[in-house]
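These are the residues of each chain, in order.
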Amino acid sequence: MSRVFSGVQPTGNIHLGNYLGALKQFVELQEENECLYCIVDEHAITVPQDPKELKKHILDVAALYMAVGVDPKKSIVFVQSQVSGHAELGWVLNCCANTGELFRMTQFKAKSAGKESVGAGLLTYPVLMAADILLYDTDIVPVGNDQKQHIELTRDLAIRVNNKYGKTFVVPDGRFLKAGARVMALDDPTSKMSKSAVNEHSRISLLDEPSKIKKSIMKSTTDSEGVIRFDIENKPGVSNLLSIYSALTGKTIEALEKDYEGHGYGDLKKDLVEVVVESLAPIQEKYKEIRESKELIDALNDGANRAEAIAQKTMKRVRDTFGLGL
Ligand code: AQP
């Protein structure tokens, strides 16, 4: 049995990219592995957050995990800040990371672009992510493609410590899906779909109403060729719509290209609206039930206790490795 760890930031409602890139894997993996799924609230504060909204979003994301099928009886579902080992190991690993490698992270470059000054947490975010993963002796990290560089850094840090001090950390592997690993923004298919993008029509959130889903998909950027075929380089918009369609229905891209031979983009978009609305309806129904239930907080507290027990063992080993404490 492998140990699996992943997390999502409570920075807004989970969108199709988060779902297809990460959450779908969470559900698959929990059947045959020991899984820890975290709501990474300490990552969220690397950019300013409204405290009341953040607290609400933590529960929203937890309820969405469960609504898509993460079962808190099978998996450990918990909130990052309830286990102090994340911040503690984050500090230890900060002392092992080089500033040069952190400045090279593309996510840091993107989120700090054009700003005169940003919080130091934005720079060291990938180190905290490494701590999240290494704290649980994780073997597998199911994530979207955008996290590849951060997983590489996690592996580098683990190997660096193991080489210098002797085996301390398990070196994890990222797990990326073929379909859905990188869902692009609907208004700009050259950027990834993101919770924090200003244009709400750039994404489809799992809780969007059918009318909003329709508007976002019908407005989505395509091209002027008028032929429905998959070609990321020259037709990123149409390719993105085909990828979403394929990931939600299980139909291959080739089969979709055949189905839509001779059809216009309007037909593809209309059908995709139906596919998305139908796929999200059962998730939305379950979400409402779970979000209002008392069991949600009980499940998260129980998850935090179970995660804490694993984290304490790792932190004892880490303190011994680095000669910290008595
Ligand atoms: N567009 C995407 N396509 C596929 N996977 C994606 N993920 C994020 N965007 C896409 C995956 O979702 C998981 C959780 O991501 P996160 O919330 O921790 O952080 P993020 O990658 O920064 O996501 P967002 O939506 O872009 O949030 P903001 O806007 O707040 O930064 C990860 O596994 C990620 O790979």
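Residues numbered from 1 in each chain as written. Predicted model: local features only at pLDDT ≥ 70, side-chain atom pairs only at ≥ 80, totals over all residues. Heavy atoms only, no water.

Caption draft 1: Region of the structure containing the pattern of salt bridges. In total, this model carries 19 salt bridges according to the counting rule given. A salt bridge links Glu 225 to Arg 229; the shortest N-O distance between them is 3.1 Å. Glu 225 sits in the partly exposed class, given a relative accessible area of 42%. Residue class for Arg 229 comes out partly exposed when judged on its relative accessible area of 31%. Linked through salt bridges whose partners overlap, the residues forming this network are Asp 223, Glu 225, Arg 229, Asp 231 and Lys 235. (Salt bridge = Lys/Arg side-chain N within 4 Å of Asp/Glu carboxyl O. Buried < 20%, exposed > 50% of the residue type's maximum accessible area, 1.4 Å probe, protein only.)

Caption draft 2: Here's a closer look at the layout of surface pockets. Reported here for the largest pocket is a volume of approximately 1200 Å³. If you trace the largest pocket, you find 50 residues lining it, with Gln 107, Lys 111, Asp 146, Gln 147 and Lys 192 closest to the centre. If you list the elements that add at least two residues to the lining of the largest pocket, you get strand S1 (3-8), helix H1 (16-29), helix H2 (41-44), helix H6 (106-112) and helix H7 (120-134). Counting residues per element, the lining of the largest pocket draws most heavily on H7, at five residues. (1 Å grid on protein atoms, 1.4 Å probe; cavity = no way out; pocket = protein on both sides within 12 Å on 5 of 7 lines; lining within 4 Å. Points joined across faces, edges and corners; volume = space filled by probe spheres on them. Helix = DSSP H or I, 4+ residues; strand = E, 2+ residues; numbered from the N terminus.)

Caption draft 3: Quick peek at unusual backbone geometry. Of note, Asp 137 is a non-glycine position whose phi angle comes to about 50°, a positive value. Within the element layout of this structure, Asp 137 appears in the loop between H7 and strand S4 (140-142). Residue class for Asp 137 comes out partly exposed when judged on its relative accessible area of 21%.

Caption draft 4: Geometry of the nonpolar core. If you look at the biggest cluster of nonpolar residues, it comprises 59 residues, and the most contacted ones within it are Leu 16, Tyr 19, Leu 23, Ile 39, Tyr 65 and Val 276. With 11 residues, the top contributor of residues to this core is helix H3 (residues 51-68). What Tyr 65 contacts, discounting residues up to four positions off in sequence, is Gly 7, Val 8, Ile 14, Leu 23, Phe 26, Tyr 37, Cys 38, Ile 39, Val 70 and Val 77. One finds Cys 96, Ala 97, Leu 122 and Met 129 within the second-largest nonpolar core, a separate group that totals 39 residues. (Core = buried A, V, L, I, M, F, W, Y, C linked by side-chain atoms within 4.5 Å. Contact = heavy atoms within 4.5 Å.)

Caption draft 5: Here's a closer look at the site of the ligand. Taken together, 24 residues sit near the ligand, with Lys 111, Asp 146, Ser 194, Lys 195 and Ser 196 positioned nearest. Within the backbone of Gly 17, one N or O atom sits 3.0 Å away from a nitrogen atom of the ligand. Lys 111 is positioned such that a nitrogen or oxygen atom in its side chain is 2.6 Å from an oxygen atom of the ligand. If the ligand stood free it would expose 640 Å²; the protein chains cover 97% of that surface. Because more than half of its atoms lie within 2 Å of the grid, the ligand is assigned to the largest pocket. Looking at the shell around the ligand, the elements that each hand over two or more residues are S1, H1 and H6. Top element by residues in the shell around the ligand is H1. It accounts for four residues. (Near = heavy atom within 4 Å. Polar contact = N/O pair within 3.5 Å; in protein donor to acceptor, adjacent residues only side chain to side chain. Areas by Shrake-Rupley, 256 points an atom, 1.4 Å probe, with all protein chains shown as cover. Sits in = over half its atoms within 2 Å of the grid points.)

Caption draft 6: Layout of the packing of helix H4 (residues 85-94) against H7. Two numbers describe how H4 lies on H7: the axes approach to 8 Å, and their chain directions differ by 120°. When the axis of H4 is compared with that of H7, the two are oblique. Taken as a pair, H4 and H7 cross one another with a handedness that is right-handed. The segment H4 lies against H7, with His 86, Ala 87, Leu 89, Gly 90, Leu 93 and Asn 94 engaging Thr 124, Val 127, Leu 128, Ala 130, Ala 131, Asp 132 and Leu 134. Grouping the constituent residues of the contact of H4 with H7 by class yields eight nonpolar, four polar and one charged. (Axes fitted to C-alpha atoms, helices over the stretch in contact; angles between N-to-C directions. Parallel < 35°, antiparallel > 145°, perpendicular 65-115°, else oblique. Left-handed = near helix turned anticlockwise from the far one by under 90°. Nonpolar A, V, L, I, M, F, W, Y, C, P; charged D, E, K, R; others polar.)

Caption draft 7: Structural context of the side chain of Thr 46. Structurally, the position occupied by Thr 46 is in the loop between H2 and H3. A relative accessible area of 16% places Thr 46 in the buried class. Of the polar contacts made by the side chain of Thr 46, one reaches the backbone oxygen of His 43; its length is 2.7 Å.

Caption draft 8: Focus on the packing of aromatic side chains. Under the definition given, this model contains seven aromatic pairs. Considering the side-chain rings of Phe 26 and Tyr 65, the 5.7 Å spacing of their centres and the 85° angle between planes classify their relative orientation as edge-to-face. Of the two residues, Phe 26 sits in helix H1 while Tyr 65 sits in helix H3, which places them 39 residues apart along the sequence. We note that Phe 26, like Tyr 65, is buried. On the basis of an interplanar angle of 70° and a centroid distance of 5.8 Å, the ring pair of Phe 78 and Tyr 136 is categorised as edge-to-face. Of this pair, Phe 78 sits in strand S3 (residues 76-79) while Tyr 136 sits in the loop between H7 and S4; the two residues are 58 residues apart in sequence, bridging distant segments of the chain. You can call Tyr 136 buried: its relative accessible area is 0%. Three or more aromatic residues joined by ring pairs make a cluster, and in this case those are Phe 5, Phe 78 and Tyr 136. One Lys or Arg, Lys 148, reaches over the ring of Phe 176 and ends 4.9 Å from the middle of that ring. (Phe/Tyr/Trp six-rings, centres within 6.5 Å; stacked < 30°, edge-to-face > 60°. Lys NZ or Arg CZ within 6 Å of the ring centre and 35° of its normal.)

Caption draft 9: Spotlight on the side chain of Asp 41. Checked against the element boundaries, Asp 41 lands in helix H2. Summary of buried charges: Asp 41 has no salt-bridge partner, and the nearest side chain of opposite charge, Lys 55, is 7.2 Å away. Once you skip the residues sitting within four places of it in the chain, Asp 41 turns out to touch Pro 10, Ile 58, Val 79, Gln 80 and Ser 81. (Lys, Arg positive; Asp, Glu negative; His and termini not counted.)

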